[in-house]
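# Architecture at a glance
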Amino acid sequence: MERLTALLSKDLGFHDAPVSNGRHNFHSFPAKFPPQLSRFFIENLSVPGELVLDPMSGSGTTVVEAASAGRVGLGFDIDPLALLITKVKLTPLDTASVERQVNKVAQEAELSLMHPSRLEKEVNGRFDEKTKQFIDYWFSEQTQIELMSLLIQIEKVKDPDIKDFLKLTFSAIIVTKSGGVSLAWDLGHTRPHRLNQGKPKKYKPAIPEFEKRATKNLMGLTSNGEMVERSRVRFGNAENLPLQDESIDLIVTSPPYASNAIDYMRAHKFSLVWLGNEVDSLTELRSKYIGGDKVTDFDFESLPPLPESVISNISKLDNQKALVLRRYYSEMTRVLNEMRRVLRPGKVAIVVVGSSVMRGIDTETDRCLAEIGRALGLPCAGIGVRLLDRDRRMMPTSTKSRADSQIENRMHREFVLAFVKPN
Ligand SMILES: C[S@@+](CC[C@H](N)C(=O)[O-])C[C@H]1O[C@@H](n2cnc3c(N)ncnc32)[C@H](O)[C@@H]1O
């Protein structure tokens, strides 16, 4: 216990530490961990060969760090792009073979631009009506043709692992903070918009962007580290994991923020529609993310006094928002209960959370989760604090105008909770 307290009192910022594994930079991802944060807890709280779980693995930071530290990393997520990112990061690939395929795809895609009518036909025939409307709104006609020419060449690649690497590179030229080759100005902080101070975005040709990004990602491939073969990522709901009781040695994870503060699907849709997903199915999936705002027919859990009191204070100002927070704490009750079930006795779950502000009231996520854990038989042994680097981590925008300075201060922090399963 003292050791855990000592670990939590260390500087957990890691803002300027160099990224050891180039794979972490394959694709942008909102609110991803600095790899050193995962690594720090993995090295101090587990030994080689043990099973390290991230039940909401996002871009796979914990899973990749566990694998390269000689542990077996297990990741689950429900976001198709998160799963693709992590799968590619975990897959050993031969750099020369990938490079050959990148060049082939780019060259053939350029050549096929000479016959745009074939590509136009594909762009017009491949998507359902709603998906096509979305694509027409967010991508210029020229970009649509260029993306389609790349996609057709990527689909021809036989090796499934190289194909996934290329798909990820394709996605990485669209889903960036600045909206990549799409017409959106910003996919990081705000609702996407097409005009910035009345101006549309400058056109960026997609094929050279793809080549540039592929070159960068190929450099990341060489720093493979010692990846352990059994590490993997799967589709799975953190509230109901396909894992045996008491099978996990360490959990290092960060759940979504309360109240959809970072809307993963809003940004991920931009490339997922190209990769074969219909807008309607993505909208349906979005409603299932932890922290979502749909509260009708929701199965709420009973909560301990602190979350109840925060929810009650918010409900005096905005009942709908209070229900959204009740949903979040209900979901997190199920997640923490799952963590307790799958952890071996005496083992630790590190949960990194930020607080949110609703109608000017701090959701006190750290203290509420600690109390929920205690009520479930998963006591929190301590809470560490880390300062956020907002710009780099694509965090939600500041709420300064409404929040007082104390709350604002808390919004610039994340809380590192250490839950311990009793022996
Ligand atoms: C804060 S992000 C995790 C970031 C991760 N630590 C990283 O370094 O990339 C939270 C993740 O939770 C995922 N998520 C949301 N609801 C989920 C659920 N019910 N089950 C599993 N994952 C879920 C989101 O898709 C998102 O990838």
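Owing to the predicted nature of the structure, the values given are computational and were not obtained by experimental measurement.

Here we come to the packing of helix H2 (residues 35–45) against helix H3 (residues 61–68). Axis separation between H2 and H3 bottoms out at 9 Å; the angle between their running directions is 50°. Classified by the angle between their axes, H2 and H3 sit oblique to one another. As for the relative orientation of H2 and H3, their crossing is right-handed in sense. Contacts between H2 and H3 involve Pro35, Ser38, Arg39 and Ile42 from the first element and Thr61, Thr62, Glu65, Ala66 and Ser68 from the second. For the contact of H2 with H3, the class distribution of residues is three nonpolar, four polar and two charged.

Before going further, it helps to examine the domain arrangement of the chain. Domain annotation for the chain reports domain 1 (2–92 + 227–255 + 290–420) and domain 2 (95–222). Look at where the C-alpha atoms of domain 1 and domain 2 centre, and you get two points 31 Å apart. Taken together, the contact pairs 17 residues of domain 1 with 19 residues of domain 2. At the boundary of domain 1 with domain 2, total buried surface from both sides reaches about 1,500 Å², with 61% on carbon and sulfur atoms.

Around the ligand, the surrounding shell holds 22 residues, and the nearest of these are Phe33, Ser59, Thr61, Asp77 and Asn237. In this structure, Thr61 approaches the ligand through a side-chain N or O atom, which is 2.6 Å from an oxygen atom. At 2.9 Å from a nitrogen atom of the ligand is found a side-chain nitrogen or oxygen belonging to Asn237. When the ligand sits alone it has 600 Å² of accessible area, and the protein chains cover 99% of it. Residue composition of the shell around the ligand, by class: twelve nonpolar, seven polar and three charged.

Okay, the nonpolar core next. One finds Phe165, Ile174 and Trp274 to be the most contacted residues of the largest nonpolar core, which totals 58 residues. Leaving out residues up to four positions away in the same chain, Phe165 has contacts with Phe26, Val88, Leu93, Val98, Val102, Asn217, Leu218 and Leu221.

A separate point is the side chain of Asp77. As for its position among the elements, Asp77 is in strand S2 (residues 72–77). In terms of polar contacts, Asp77 uses its side chain to reach the backbone amide nitrogen of Gly58, at 2.8 Å. Look past the residues within four positions of Asp77 in its chain and what remains in contact with it is Pro55, Met56, Ser57, Gly58, Ala82, Leu83, Arg234, Phe235 and Gly236.

What follows concerns the environment of Asp77. Note on Asp77: relative accessible area 12%, which makes it buried. Spatially, the C-alpha atoms of Asp77 and Val233 are 7.9 Å apart, while their sequence positions differ by 156 residues.

The full count for this structure, using the stated rule, is zero disulfides. Here Cys368 stays free of any disulfide, with the sulfur of Cys380 as its closest cysteine sulfur at 12 Å. Among the residues examined, Cys368 registers a relative accessible area of 0% and is labelled buried. With a relative accessible area of 22%, Cys380 lands in the partly exposed category.

This part takes up the packing of H3 against helix H4 (residues 80–90). Orientation of H3 relative to H4, taken along the N-to-C sense of each, is 15°, at an axis distance of 10 Å. By the angle between their directions, the pair H3 and H4 is classed as roughly parallel. Crossing of H3 against H4: the hand is right-handed. Judged by residue contacts, Val63, Val64 and Ala67 of H3 engage Thr86, Lys89 and Leu90 from H4. Among the residues forming the contact of H3 with H4, the class breakdown is four nonpolar, one polar and one charged.

What follows deals with H3. Burial runs high along H3: eight of the eight residues are buried. Looking only at H3, the buried set comprises Thr61, Thr62, Val63, Val64, Glu65, Ala66, Ala67 and Ser68. Looking at the buried positions of H3, the neighbouring elements they touch are H2, strand S1 (51–54), S2, H4, strand S3 (232–235) and strand S4 (248–253). Note on H3: the residue one or two positions beyond its end, Gly70, has a positive phi of about 80°.

Another point: the packing of aromatic side chains. A complete count under the given rule lists 13 aromatic pairs for this structure. When the ring of Phe134 is compared with that of Phe270, the centres are 5.2 Å apart and the planes differ by 70°; the resulting orientation is edge-to-face. Here Phe134 is found in helix H7 (residues 129–138), whereas its partner Phe270 is found in helix H11 (residues 264–272), with 136 residues between them in sequence. The same class applies to Phe134 and to Phe270, which are both buried. On the basis of an interplanar angle of 90° and a centroid distance of 5.5 Å, the ring pair of Phe139 and Trp274 is categorised as edge-to-face. One end of the pair, Phe139, is in the loop between H7 and helix H8 (141–156); the other, Trp274, is in the loop between H11 and helix H12 (279–286), and 135 residues separate them in sequence. Look at Trp274 and you get buried, because its relative accessible area is 2%. Within the aromatic cluster, the residues linked to one another by ring pairs are Phe127, Phe134, Tyr137, Trp138, Phe139, Phe170, Phe270 and Trp274.

Conventions used here
- Residues numbered from 1 in each chain as written.
- Predicted model: local features only at pLDDT ≥ 70, side-chain atom pairs only at ≥ 80, totals over all residues.
- Heavy atoms only, no water.
- Axes fitted to C-alpha atoms, helices over the stretch in contact; angles between N-to-C directions.
- Helix = DSSP H or I, 4+ residues; strand = E, 2+ residues; numbered from the N terminus.
- Parallel < 35°, antiparallel > 145°, perpendicular 65-115°, else oblique.
- Left-handed = near helix turned anticlockwise from the far one by under 90°.
- Contact = heavy atoms within 4.5 Å.
- Nonpolar A, V, L, I, M, F, W, Y, C, P; charged D, E, K, R; others polar.
- Domains from an automatic or database assignment.
- Buried area = accessible area lost by both parts, 1.4 Å probe.
- Near = heavy atom within 4 Å.
- Polar contact = N/O pair within 3.5 Å; in protein donor to acceptor, adjacent residues only side chain to side chain.
- Areas by Shrake-Rupley, 256 points an atom, 1.4 Å probe, with all protein chains shown as cover.
- Core = buried A, V, L, I, M, F, W, Y, C linked by side-chain atoms within 4.5 Å.
- Buried < 20%, exposed > 50% of the residue type's maximum accessible area, 1.4 Å probe, protein only.
- Disulfide = S-S within 2.5 Å.
- Phe/Tyr/Trp six-rings, centres within 6.5 Å; stacked < 30°, edge-to-face > 60°.

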